[in-house]
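Geometric and topological summary
Residue-level listing of the chains:
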Amino acid sequence: MSTQMFEGRGHAAVYQKYRFAPGKELQQTILAYLQEKKVIPAELVVDVGCGSGQGTQFLAEHFRKVVGTDISEAQIQEARDTFSMPNVSFLVCPAEELPFQDASVDVLTSFTAAHWFDIEKFMREAKRVVRPGGCVAISTYTVDMSLRYGDCSEKLTKIFRECWDTILKYSHNRLKFVLENYKEIFEALPFPDKKRITDIYDKIPMTVEGVVGYMESASPYQTFLKNDPEAAKSLLQETEKRMLETMGVSSRETPVEFWVRHVCVLGCK
């Protein structure tokens, strides 16, 4: 069964506020593959482990019917409260037990979630629900992140990574799938036509508040917060202060470029 890490309503709210949608390069990589495999236009797209719906929203702009699924009721409620598009619906269900008929799904996606699934059972479900000729697109951003702002990008990135490294000490062991660039997930995909792309770089428009909020939304930080609330809160406060001082600004709303590296596993049945 999926590992459940985003259950609390408070965590779900932070997740919805600060998690970013798939970047443009990742979007274009996925859409180009689906066009190449001739599954566009697609009738039904299912976004598994959709969280608060950032990836589902991107899909809704390109496909007729999109269903976002997640095991967390709190996350699904955030998605429903945030996105009210006529071609989108959300369901609470495990990734390993999808409520869709055999060979009924044109495209199955998962954005920054598959490492929480029971990989073997999820792949069996993917094989069952995706129609012949249908596709999967399973992606994640990695821990390879950097910040850019004026002439202090290197210093800013160093501050961010010092904080991030502390947070990552509280990582669940399933982060290994991300650290291995989804190699194991790629190998487990039971489709003969598949590929893995590990060098998709995206510039995400952010603010200082958004970068700190992203770290707050991460599951290792939430574990840190439970274990040592004062130290966890102090770390983010001090990191934000250092970032603002380095940038020579006082506003948390100051824009900054947040660069991430995506990995994407693509396959056609």
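Up top you'll find the structure we're talking about.
Residues numbered from 1 in each chain as written. Predicted model: local features only at pLDDT ≥ 70, side-chain atom pairs only at ≥ 80, totals over all residues. Heavy atoms only, no water.

1. Examining the packing of helix H6 (residues 153-168) against helix H11 (residues 229-247)
- Running from N to C, H6 and H11 cross one another at 175°; their axes reach a closest spacing of 9 Å. In this view, H6 runs roughly antiparallel relative to H11, as classed from their interaxial angle. Between H6 and H11, the residues in contact are Lys155, Leu156, Ile159, Glu162, Cys163, Thr166 and Ile167 and Leu235, Leu236, Thr239, Arg242, Met243, Thr246 and Met247, respectively.
- Across the contact of H6 with H11, the residue classes break down as eight nonpolar, three polar and three charged. (Axes fitted to C-alpha atoms, helices over the stretch in contact; angles between N-to-C directions. Helix = DSSP H or I, 4+ residues; strand = E, 2+ residues; numbered from the N terminus. Parallel < 35°, antiparallel > 145°, perpendicular 65-115°, else oblique. Contact = heavy atoms within 4.5 Å. Nonpolar A, V, L, I, M, F, W, Y, C, P; charged D, E, K, R; others polar.)

2. A short note on H11
- In this model, H11 (19 residues) spans 27 Å end to end at C-alpha, consistent with the 27 Å of a helix rising 1.5 Å per residue.
- Gly248 sits one or two residues past H11 and shows a positive phi near 75°. (Expected span 1.5 Å × (residues − 1).)

3. Notes on the packing of aromatic side chains
- In total, this model carries 12 aromatic pairs according to the counting rule given.
- A connected cluster of aromatic rings, assembled from ring pairs, spans Phe20, Tyr141, Phe160, Trp164, Tyr214 and Phe258.
- The cationic tip of Lys176 hangs over the ring face of Phe177; the distance from NZ or CZ to the ring centre is 5.2 Å.
- Residue placement shows Lys194 over the ring face of Phe186; its charged tip is 4.9 Å from the ring centre. (Phe/Tyr/Trp six-rings, centres within 6.5 Å; stacked < 30°, edge-to-face > 60°. Lys NZ or Arg CZ within 6 Å of the ring centre and 35° of its normal.)

4. Some remarks on the pattern of salt bridges
- For the coordinates displayed, the defined rule picks out 15 salt bridges.
- Between Arg128 and Asp102 there is a salt bridge, and its shortest N-O distance comes to 2.8 Å. With Arg128 in helix H5 (residues 119-129) and Asp102 in the loop between strand S3 (88-92) and strand S4 (105-111), this residue pair connects regions lying 26 residues apart in the sequence.
- Overall, Arg128 belongs to the partly exposed group, its relative accessible area being 27%.
- Residue Asp102 is classed as exposed on the basis of its relative accessible area of 54%.
- For the salt bridge of Glu125 with Arg128, the shortest nitrogen-to-oxygen distance reads 2.7 Å. Here the residue Glu125 and the residue Arg128 both occupy positions in helix H5, the gap between them amounting to three residues, near one helical turn.
- Judged by relative accessible area, which is 10%, Glu125 ranks as buried.
- Within this structure, Glu36, Lys37 and Asp193 form a network of salt bridges that share partners. (Salt bridge = Lys/Arg side-chain N within 4 Å of Asp/Glu carboxyl O. Buried < 20%, exposed > 50% of the residue type's maximum accessible area, 1.4 Å probe, protein only.)

5. Let's talk about the side chain of Thr56
- Within the fold, Thr56 resides in helix H3 (residues 54-60).
- Within the local environment of Thr56, its side chain forms a polar contact with the side chain of Asp47, the two groups lying 2.7 Å apart. (Polar contact = N/O pair within 3.5 Å; in protein donor to acceptor, adjacent residues only side chain to side chain.)

6. Considering the packing of H6 against helix H9 (residues 208-217)
- One can describe the packing of H6 onto H9 by two numbers: an axis separation of 11 Å at closest approach and a directional angle of 15°. With respect to each other, H6 and H9 are oriented roughly parallel. Note on packing geometry: the crossing formed by H6 with H9 is right-handed. For the pair H6 and H9, the contacting residues are Phe160, Cys163, Trp164 and Ile167 in the first and Val211, Tyr214 and Met215 in the second.
- Of the residues assigned to the contact of H6 with H9, the class counts are seven nonpolar, no polar and no charged. (Left-handed = near helix turned anticlockwise from the far one by under 90°.)

7. Quick word on the environment of Phe63
- Note on placement: Phe63 falls in the loop between H3 and strand S2 (66-70).
- For Phe63, a relative accessible area of 4% puts it in the buried group.
- Those residues within four positions of Phe63 in sequence are excluded, and the remaining contacts are Leu31, Leu34, Ile40, Ala42, Val45 and Asn87.

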